[in-house]
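Next come the chains, spelled out residue by residue.
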Amino acid sequence: MPLFRSLVPALVGGLFWAVPIDAQGQTGAITGRVVDFATQRPIAEVTVMIEGTPRIVVTQADGGFTLSGVPVGTHRVRVARIGYGPQMQAVAVAAGATATLQFAMVAQIAVLEEVVVTGYGTQRREAITGSVATINPDAANVGVVPNVNDMIQGRAAGLQITLNNGEPGAGVQVRIRGGTSISASNEPLYVIDGVAIDNRATEATGIGIGGAPSLSRNPLNLLNPADIASITVLKDASATAIYGSRAANGVILIETKKGVAGGEATMEYDSYVAMATPARYLNLLNGDQYREFIQQQVAAGLLTPDRLAGQGSANTDWERAVTRTAVTTNHNLSFAGGTQSTQYRASLNYLNQQGVVLGSALTRYQGRLNATHRALDNRLRFGVNLTASQVMNDYLPYETEGGFEGGVFQNVAVFNPTQPVEVTDPATGQVKY
């Protein structure tokens, strides 16, 4: 029995070793070159494949290609590239030998069909019977765009986005088919690279007593808009057939950028700096006008004389005191490349967006890695899709959270302009004017 137990693993291992050894002796190679028929110049990025097998390569800059490990026999080799008509040739491969092919491709006008991401796959645009809207990220990522909601706002029919606060990274209300529930959420389902994310608020909102508090922070601030390849909005009830009841309010599908097979390794860096200021200011009384108004009211007997004691000597414009010229800085760095078996794309992002109101800002540090690897003649595939993001929100307090009733802009309209701006030193506790 011990001898039998030792022989079985040895025989099984010998079978696995015997298959590659035998296959190596019955294979050959195919090399060749692809050129333009009219100019005889080499054509790069041409897909070369052996029909009926998973063996695929892409031509290099000189138009050359090599297919190794091809089984002995007659095969049909097909070449194809956008802008050229496909061609096919038969070739006989002998054991241990190399066959050579030459292709001269003819330029041909190609009409590309629009492809739309639907659920976990893609379909041709004309094959879709439901209501689908597609958004081009390159056209939408213009200006200061910190998250996905800013990219889709005003770019899809039937998609309503309501923003009740202008702070950086503020939350929004997204309605695809209007409100469907009174007590439950009316937000759509967000799916990033086939993975549904939880769109619940990560931070609590203020409690409205004398006004409407701002919405909670936007959970999509974690994603860098420069990493997005496509955005698709599923607007009708057919979305529930794919994602179930979670898609009752519609679905927003987000596909991120990936590495390209056969291309050279590339590095991209882009950056921008933007500034924002308040477009208009309220027409309020200054300190001198306010003091004159109080004196007139006291002289007319409409106010008591003690109101004169509450007047200061300052001339403060509270609206300008709490606002500023806000600066936004954004940096994007990405690396991409790949071969026929391995493709990768990595990116880094830094965003610092100041709000026009003092104390409000959004800072994001993000890193992303997207890579795939194919082995065993495309029979085995490994993939990794990672996003690491740190988002820091600085936003204005509201009502009792700030020690007063109402919001900042309510108070700049009612504060006494004759009083100076007081700043308390947190280290010493001293008040400075």
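Keep in mind the model is a prediction, meaning the values are calculated, not measured. (Residues numbered from 1 in each chain as written. Predicted model: local features only at pLDDT ≥ 70, side-chain atom pairs only at ≥ 80, totals over all residues. Heavy atoms only, no water.)

1. Focus on the sheet that holds strand S14 (residues 195-197)
- Spatially, S10-S15-S16-S13-S14 is the arrangement adopted by the five strands of the open sheet, whose pairing is mixed. In this open sheet, the two edge strands, each paired with only one partner strand, are strand S10 (132-135) and S14. Neighbour-to-neighbour, the strand axes of the sheet open up by a mean angle of 25°, direction not taken into account.
- Where strand S13 (residues 189-192) meets S14, three bridges bridge the pair, whose relative direction is antiparallel. Bridging from a neighbouring strand, Tyr190 pairs with Ile197 of S14. (Pairing = 2+ DSSP bridges. Helix = DSSP H or I, 4+ residues; strand = E, 2+ residues; numbered from the N terminus. Axes fitted to C-alpha atoms, helices over the stretch in contact; angles between N-to-C directions.)

2. Quick word on the packing of aromatic side chains
- Applying the stated criterion across every chain yields a total of three aromatic pairs.
- Taking the centre distance of 6.5 Å and the plane angle of 45° together, the rings of Phe65 and Phe103 count as tilted. With a gap of 38 residues between them, Phe65 in strand S4 (residues 64-71) and Phe103 in strand S7 (residues 98-105) connect regions that are remote in the sequence. Across this residue pair, the class does not change: Phe65 and Phe103 are buried.
- When the ring centre of Tyr281 is taken as origin, the NZ or CZ atom of Arg320, which lies over that ring, is 3.8 Å away. (Phe/Tyr/Trp six-rings, centres within 6.5 Å; stacked < 30°, edge-to-face > 60°. Buried < 20%, exposed > 50% of the residue type's maximum accessible area, 1.4 Å probe, protein only. Lys NZ or Arg CZ within 6 Å of the ring centre and 35° of its normal.)

3. Things to note about unusual backbone geometry
- With a phi angle near 60°, Gln40 is a residue other than glycine that sits in the positive phi range.
- As for its position among the elements, Gln40 is in the loop between strand S1 (27-36) and strand S2 (47-50).
- The partly exposed category is assigned to Gln40, whose relative accessible area is 47%.

4. A few points about the pattern of salt bridges
- Inspection of the entire model under this criterion finds eight salt bridges.
- Of the charged contacts, one joins Asp193 and Arg368 as a salt bridge, the two residues approaching to 2.8 Å between their closest N and O atoms. Here Asp193, found in the loop between S13 and S14, pairs with Arg368, found in strand S20 (residues 361-375); they are 175 residues apart in sequence, far enough to count as distant.
- On the basis of relative accessible area, Asp193 is assigned to the buried category, the value being 18%.
- Across the pair Arg320 and Asp317 runs a salt bridge, and its minimum N-O distance is 2.8 Å.
- Taking the relative accessible area as the measure of exposure, Asp317 reaches 33% and is therefore partly exposed. (Salt bridge = Lys/Arg side-chain N within 4 Å of Asp/Glu carboxyl O.)

5. Section: the sheet that holds S7
- The mixed open sheet is built from three strands, whose spatial order is S4-S1-S7. The two strands at the open ends of the sheet, each matched to only one other strand, are S4 and S7. For this sheet, the mean inter-axis angle between neighbouring strands, taken without regard to orientation, is 20°.
- Pairing of S1 with S4, which is carried by seven bridges, proceeds in the antiparallel orientation.

6. Topic: the environment of Leu163
- In this structure, Leu163 sits in the loop between strand S11 (160-162) and strand S12 (173-175).
- Put simply, Leu163 and Gln173 are ten residues apart on the chain and 6.7 Å apart in space, counted from C-alpha to C-alpha.
- Ignoring any residue separated from it by four or fewer positions in sequence, one finds Leu163 in contact with Ala170, Gly171 and Val172. (Contact = heavy atoms within 4.5 Å.)

7. Thoughts on the nonpolar core
- In terms of nonpolar packing, the biggest core is built from 22 residues, with Val148, Ile152, Ile231, Ile252 and Ile254 touching the most fellow members.
- The set of elements that each furnish at least two residues to this core consists of S10, helix H3 (148-152), S13, strand S15 (228-234) and strand S16 (251-256).
- Each residue touching Ile252, except ones within four places of it in the same chain, is listed here: Ile152, Val174, Ile176, Pro188, Leu189, Tyr190, Val191, Ile231, Thr232 and Val233.
- Of all hydrophobic cores here, the second largest spans 19 residues; its members include Val34, Phe65, Val70 and Met105. (Core = buried A, V, L, I, M, F, W, Y, C linked by side-chain atoms within 4.5 Å.)

8. Brief notes about the side chain of Gln311
- Mapped onto the elements of the fold, Gln311 is located in the loop between helix H5 (287-299) and helix H6 (318-322).
- Owing to a relative accessible area of 18%, Gln311 belongs among the buried residues under this scheme.
- Here the side chain of Gln311 touches Arg307 through a polar contact of 3.1 Å, landing on its backbone oxygen.
- If we skip the residues at most four places from it in the chain, Gln311 touches Tyr290, Arg291, Ile294, Asn416, Thr418 and Gln419. (Polar contact = N/O pair within 3.5 Å; in protein donor to acceptor, adjacent residues only side chain to side chain.)

9. Focus: a nonpolar patch on the surface
- Where nonpolar side chains cluster on the molecular surface, the patch consists of Met267, Phe335 and Tyr344 and spans about 290 Å² of accessible area.
- Considering the arrangement of structural elements, one finds Phe335 in strand S18 (residues 326-338).
- Take Phe335: its relative accessible area is 35%, and that puts it in the partly exposed class. (Patch = residues over 30% accessible without salt bridge, like charges linked within 9 Å, V, L, I, M, F, W, Y side chains within 5 Å. Areas by Shrake-Rupley, 256 points an atom, 1.4 Å probe, with all protein chains shown as cover.)

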